[in-house]
Amino acid sequence: MKIENKAWKSKKLWFTAVLTVVSVSILIKLGFWQLDRGEQKSAYELALQEREKVSAIALSDFIEMSELTERPSSLLGEDYLTQSKPLKHFEQLQALNGTRVKVEIEGGTGDVFLLDNQIHEGRVGYLVFMIGQLGEAGGGQSILLDLGFVEASRDRTILPNLSDLSVPSNLSGRLYLKSTNPLSHELSAENTLPVRVQNVNIAELEGLFEVNLFPMVFQPIGLKNWDYEPVWVPLPMSSSKHFGYAVQWFAMAAVLALIMLMISYRFWMKKHRIDSVESRK
């Protein structure tokens, strides 16, 4: 009976040891993955900082430099709406985030819509977007203008009372294109005034407003006497957070390995004492 009990305990220990090794391996792998992501984000943050120092170039020069000559829907790829696989063109556009450009908007006004469920400095609200018609350099295209944040009412049936949204004809700012959520990428436009949407889906916005849109969003910089707060968050998670998560994963792996070593040490010491006692009998 004692022999069977010892064998059972030994098997249990070996099973726990194997499970611990697998768990520690997974935790270490997660830690290195976070380190890799952190290094990528760090390089991206450095690139964004460098772009902030560069003078704005004409949008036409940016188009020529980036070879953005296709229509947005074809440029972003057939899988833009479904996000069923990585998009080469989409990632190439995102790599250009933060580039400073100058644009010319005809008339200074256009269709307006609100991006829902935005949080800025602890407040819930909307991002205000306007579709501006580009001048001659835009080749007949329009562009999305990110005009800033406006706080929402507690009553969702009451939309913000937007003041004058006329912008100067000549603007300077930055271009960006944010990642889309593969689980929720639809525009989900509501029949409100102004239109309220859940995602900035350029392909669907083209159909809704019947325009040909430039494939990136433009955020004006330095608008004077402007009622809406600019929100510039190019990364949903900074490199420092990734490095912090990596430390957590490695720490968890170390703690788990240490606990297993302590349990194994106690087991083998107890087994050694029992064997010693039995050998004297």
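In this text the structure is predicted, and so the values were computed from the model without any measurement.

Definitions and limits used
Residues numbered from 1 in each chain as written. Predicted model: local features only at pLDDT ≥ 70, side-chain atom pairs only at ≥ 80, totals over all residues. Heavy atoms only, no water. Helix = DSSP H or I, 4+ residues; strand = E, 2+ residues; numbered from the N terminus. Buried < 20%, exposed > 50% of the residue type's maximum accessible area, 1.4 Å probe, protein only. Contact = heavy atoms within 4.5 Å. Areas by Shrake-Rupley, 256 points an atom, 1.4 Å probe, with all protein chains shown as cover. Core = buried A, V, L, I, M, F, W, Y, C linked by side-chain atoms within 4.5 Å. Patch = residues over 30% accessible without salt bridge, like charges linked within 9 Å, V, L, I, M, F, W, Y side chains within 5 Å. Salt bridge = Lys/Arg side-chain N within 4 Å of Asp/Glu carboxyl O. UniProt positions renumbered as here; feature names shortened; annotations may be inferred. Pairing = 2+ DSSP bridges. Axes fitted to C-alpha atoms, helices over the stretch in contact; angles between N-to-C directions.

### Re the overall build of the protein chain
Next, step 1: Of regular secondary structure, the protein chain possesses 6 helices and 8 strands.
Next, step 2: When the helices and strands of the protein chain are placed in sequence order, the string is α-β-α-α-α-β-β-β-β-β-β-α-β-α.
Next, step 3: A burial count over the protein chain gives 37% of its 281 residues as buried.
Next, step 4: Within the protein chain, contacts between residues at least 6 apart in sequence are counted, and of these 74% link residues at least 24 apart.
Next, step 5: For the protein chain, the computed accessible surface area is about 17,200 Å², with 58% contributed by carbon and sulfur atoms.

### Re the nonpolar core
Next, step 1: L59, F113, V128, L145 and L175 are the most contacted members of the largest nonpolar core, which totals 46 residues.
Next, step 2: In this structure, F113 is in contact with L127, V128, F129, I131, L144, P194, V195, V197, L205 and F209, ignoring residues within four places of it in sequence.

### Describing a nonpolar patch on the surface
Next, step 1: A surface patch of nonpolar side chains, amounting to about 450 Å² of accessible area, comprises V18, V22, I26, L30 and W33.
Next, step 2: With respect to the helices and strands, the residue L30 is situated in helix α1 (residues 2-53).
Next, step 3: When its relative accessible area of 30% is taken as the criterion, L30 is described as partly exposed.

### Side note on the UniProt feature "transmembrane region" (unreviewed entry) in the protein chain
Next, step 1: Taking the numbering used here, the UniProt-annotated feature "transmembrane region" (unreviewed entry) corresponds to residues 12-33 and 243-263.
Next, step 2: As annotated, residues 243-263 has a helix share of 100% and a strand share of 0%, and its two end C-alpha atoms lie 30 Å apart.

### A look at the pattern of salt bridges
Here the idea is simple: oppositely charged side chains can pair when their charged atoms come close.
Next, step 1: Scanning all chains against the criterion turns up 9 salt bridges.
Next, step 2: A salt bridge links E229 to R123, with the shortest nitrogen-to-oxygen separation between them at 2.8 Å. With E229 in the loop between β8 (213-220) and α6 (239-280) and R123 in strand β4 (residues 123-133), this residue pair connects regions lying 106 residues apart in the sequence.
Next, step 3: Overall, the relative accessible area of 28% leaves E229 in the partly exposed class.
Next, step 4: Across the pair R196 and E190 runs a salt bridge whose closest N-O atoms are separated by 2.9 Å.
Next, step 5: One network of salt bridges, with partners in common, ties together D116, R156, E190 and R196.

### Description of the side chain of S142
Next, step 1: Topologically, S142 is positioned in strand β5 (residues 142-151).
Next, step 2: Looking at S142, the relative accessible area reads 4%, which means it is buried.
Next, step 3: Among residues more than four places away in sequence, those in contact with S142 are I131, G132, Q133, L134, V211, N212, L213 and F214.

### Section: the sheet that holds strand β2 (residues 100-104)
Next, step 1: Within the open sheet, the 8 strands sit side by side as β1-β2-β6-β8-β5-β4-β3-β7. Their pairing is mixed. The open sheet terminates on both sides in strands that have one partner only, identified here as β1 (57-58) and β7 (195-197).
Next, step 2: Two elements, strand β3 (residues 112-120) and β7, share 3 bridges in a ladder whose sense is parallel. Residue pairing in the sheet places L115 in a bridge with V197 of β7.
Next, step 3: Against the sheet, helix α5 (residues 202-209) contacts β3, β4, β5, β7 and β8, and its axis sits at roughly 95 degrees relative to β8.

### Some points on the pairing of β2
Next, step 1: Of the pairings in the sheet, the one linking β1 to β2 comprises 2 bridges and is parallel in character. Bridge assignment links I57 to a residue of β2, and that residue is V101.
Next, step 2: Here β2 runs beside strand β6 (residues 170-176); their pairing, made up of 5 bridges, is antiparallel. The residue bridging E104 from the neighbouring strand is N170, located in β6.

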